[in-house]
Amino acid sequence: MSKTTQELFDYLNAAFPEAELLHESAALGDSWVSIPADAWKEIAKFLRDDQQMRFDTMMCLSGIHYPDQNLLAIACHLNASEKGYKLAIKVKVPEDNPVIDSVESVWKTADWHEREAYDMFGIEFKGHPDMRRILCPDDWEGYPLRKDYVPQDSYQGITTKYTEVEESHD
Amino acid sequence: MIEVVRKGNSRPEMVINMGPQHPSTHGVLRLEVTLDGELVTHVRPHIGYLHRCFEKYAEKMDDYSKVTPYTDRMDYVSAINQEHGYAIAMEKLLSIEVPDRVEHIRVIMAELQRIASHLLAVGTFGLDLGAFTPFLYVFTEREKILDIFEKTSGARLLYNYICVGGLMRDVDEDFKKDTAEFVRTFRPKITELQDLLSYNSIFIKRTANVGILPEKVALNFASSGPVLRGSGVKWDLRKNDPYSIYDRFDFDIPVGKGEVGTLGDCWDRYIVRVHEMEESCKIIEQALESMPDEGDVQQNVPKKIRTKPGEIYSRTESPRGELGYYIISDQSSKPFRLKARTPSFVNLSVLPAISRGSLMSDLVAIIGSIDIVLGEVDR
């Protein structure tokens, strides 16, 4: 039988009573579990190895930027293929010090996904073996998916901004 | 292009650049390959050559429905499946029920697209290994599917057909007849393909025992689709996490068995695709039978969709694997954040792990068997 996020949260909260986990939801859609950044890696290992959980795959890791609260976050969607559980997890960090422990050693999917979150949001993953940009060139400036992103004017001498060329009408 | 690195007294290692313009990288993928003679010691994929900021565009569009054409352009050889995934995600978020007839048309279209996509995958896979003839055979069949799509949606590659709440327009009157006719003539062609390519001894020699992906590694890398099933894992979202009306149909999930080599080799990934086309035929036949003849194909969804704050992660089985859309909505009419979890991106990340120790020429086979579309990797 599949378990709801609430049931999974209760189990997780009982295992980590001091970690200040939160079960949150919005008006529409799914709910998620919020985990503080310092407890994330430990809980990730627990989620993968615990016999009641066994989240063997991480389906997706996405970066999020909340400009109103000056927060950056990652959202992880986990899947337990044996038991059929799904779980959404959020880890939030302040904008001025966006460092999260890498879970690359727990789920290999995190390797490229964390690089993407670094590339697009500037979130740094501590302990990642190869923290480079992945989609943008290595010498690109800024983090494109942040809400306050302003594209650079030129890249290696090439104008990046689109300007309308005025057509001459005779 | 070529750099020779000598470490101490050991044999010199050579670093070779493969791509981004290379016929067997299926697009603009660049691989930095470290070689010890003919043996691959390390592969470093460099991606991003086709990055078009899909996710940023989605946030900047002023309407949810305007995102659909962009999803088409992610995996441009299976556009219907991408639209289908996005429509399902939005409908789940907004709790929209879709009429039965629409669900049937969507499933038929998605399965036709799956066949077309797999045909391209097996055709180009053969082409990479020097088998030119099967490529022409499969393209003849793919053409027939594209004709059906053209008649229905007006486009041959990027359809913009499935929209949030329904379809852009009803199918044409010949749709049922054409599709039934296609399935009838296509079945014998699969047998032909098996004779031409699958059990060809040169093809088997090039693909069996090459690029073995063990089950545990596949799961840890979150591989999905034929790549995961080729390693013997019976996991298909149409069965394991049913969406749309897939729970009503009777079909199997083909998995790799290590028939000619080791479980999880290139041949297993290939043969899963061939068998999946048969299963898609089964689904299409059942769907054609139960499809209602009359009915509206558009729900009463406002032109400009306004949402409440919410989050959804919705996943569907695209021909390449698990296609997930993570949508965060706010009070406006555009997504606050839209992330596409594309199967090719995740499947490609397993390449360095499975190509270590293989021959340089086998690397071509491994890339072909993963079946990547760079539009989807780079988004």
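In case you missed it, the structure is sitting above this.
Treat the numbers as computed from the prediction; the structure is a model and nothing was measured.

It is not clear to me how the overall build of chain A should be interpreted in this structure. Could you clarify?
When its secondary structure is counted, chain A shows three helices and ten strands. Secondary structure of chain A in N-to-C order comes out as α-β-β-β-α-β-β-β-β-α-β-β-β. Expected size for 170 residues packed as a compact globule is a radius of gyration near 15 Å; at 19 Å, chain A overshoots this value by more than 25%. Once the C-alpha set of chain A is aligned to its principal axes, its extents read approximately 75 × 40 × 30 Å. Expressed as a percentage of its 170 residues, the buried residues of chain A come to 51%. In chain A, of all internal contacts separated by at least 6 residues, the share reaching a separation of at least 24 is 50%.

For this particular structure, what's the right way to read the sheet that holds strand β3 (residues 32-36) of chain A?
Pairing between the strands of a sheet comes from backbone hydrogen bonds, and it takes one of two forms, parallel or antiparallel. Residue and element names in this part refer to chain A. Spatial strand order, β1-β3-β6-β5-β4: five strands in an open sheet with mixed pairing. Two strands in the sheet have a free side with no partner beyond their single neighbour: β1 (22-24) and β4 (57-66). Sheet twist, expressed as the mean angle between neighbouring strand axes with direction ignored, is 25°. The pairing of β1 with β3 spans three bridges and is antiparallel. Counterpart to L22 in the pairing with β3 is S34. Strands in contact with helix α2 (residues 40-49) are β3, β4, β5 (71-80) and β6 (85-94); relative to β6, the strand with the most contacts, it is inclined by about 170°.

Where do I start with the layout of surface pockets in this structure?
Roughly 630 Å³ of volume is contained in the largest pocket. What lines the largest pocket is a set of 18 residues, and nearest its centre among them are W140(A), Y149(A), P151(A), H51(B) and C53(B). Split by residue class, the lining of the largest pocket holds ten nonpolar, four polar and four charged. For the second largest pocket, the calculated volume is near 400 Å³.

I would appreciate a short explanation of the pairing of strand β9 (residues 337-341) of chain B in the present structure.
Residues in a regular strand point their side chains to alternate faces of the sheet. All names here are of chain B. For β9, the tally of buried residues reaches five of five residues, placing the bulk of the element in the interior. Going residue by residue along β9, you find R337, K339 and R341 tucked away on one face and L338 and A340 tucked away on the opposite face as well. Two elements, strand β8 (residues 321-329) and β9, share five bridges in a ladder whose sense is antiparallel. Residue pairing for β9: Y325 is matched across the bridge by A340.

Even after reading the chapter, I still don't get the interface of chain B and chain A, so can you show me in this structure?
Where interface size is given, it is often the accessible area lost as the parts come together that is meant. Taken together, the contact pairs 39 residues of chain B with 43 residues of chain A. Taken over both partners, the interface formed by chain B and chain A buries close to 3,400 Å², and the fraction arising from carbon and sulfur atoms is 60%. Run the count over chain B and chain A and you get five salt bridges. R379(B) serves as the salt-bridge partner of E116(A), at 3.2 Å between the closest nitrogen and oxygen. Scanning the region where chain B abuts chain A turns up 18 residue pairs in polar contact (both at pLDDT 80 or more).

Where do I start with the side chain of T68(B) in this structure?
Residues and elements named next belong to chain B. By secondary structure assignment, the location of T68 is in helix α2 (residues 68-72). Assessed through its relative accessible area of 2%, T68 is described here as buried. Once you skip the residues sitting within four places of it in the chain, T68 turns out to touch E83, Y86, N160 and I162.

Cut-off values and rules
- Residues numbered from 1 in each chain as written.
- Chains lettered and ligands numbered in written order.
- Predicted model: local features only at pLDDT ≥ 70, side-chain atom pairs only at ≥ 80, totals over all residues.
- Heavy atoms only, no water.
- Helix = DSSP H or I, 4+ residues; strand = E, 2+ residues; numbered from the N terminus.
- Rg over C-alpha atoms; globule rule 2.2 N^0.38 Å.
- Buried < 20%, exposed > 50% of the residue type's maximum accessible area, 1.4 Å probe, protein only.
- Contact = heavy atoms within 4.5 Å.
- Pairing = 2+ DSSP bridges.
- Axes fitted to C-alpha atoms, helices over the stretch in contact; angles between N-to-C directions.
- 1 Å grid on protein atoms, 1.4 Å probe; cavity = no way out; pocket = protein on both sides within 12 Å on 5 of 7 lines; lining within 4 Å.
- Points joined across faces, edges and corners; volume = space filled by probe spheres on them.
- Nonpolar A, V, L, I, M, F, W, Y, C, P; charged D, E, K, R; others polar.
- Buried area = accessible area lost by both parts, 1.4 Å probe.
- Salt bridge = Lys/Arg side-chain N within 4 Å of Asp/Glu carboxyl O.
- Polar contact = N/O pair within 3.5 Å; in protein donor to acceptor, adjacent residues only side chain to side chain.

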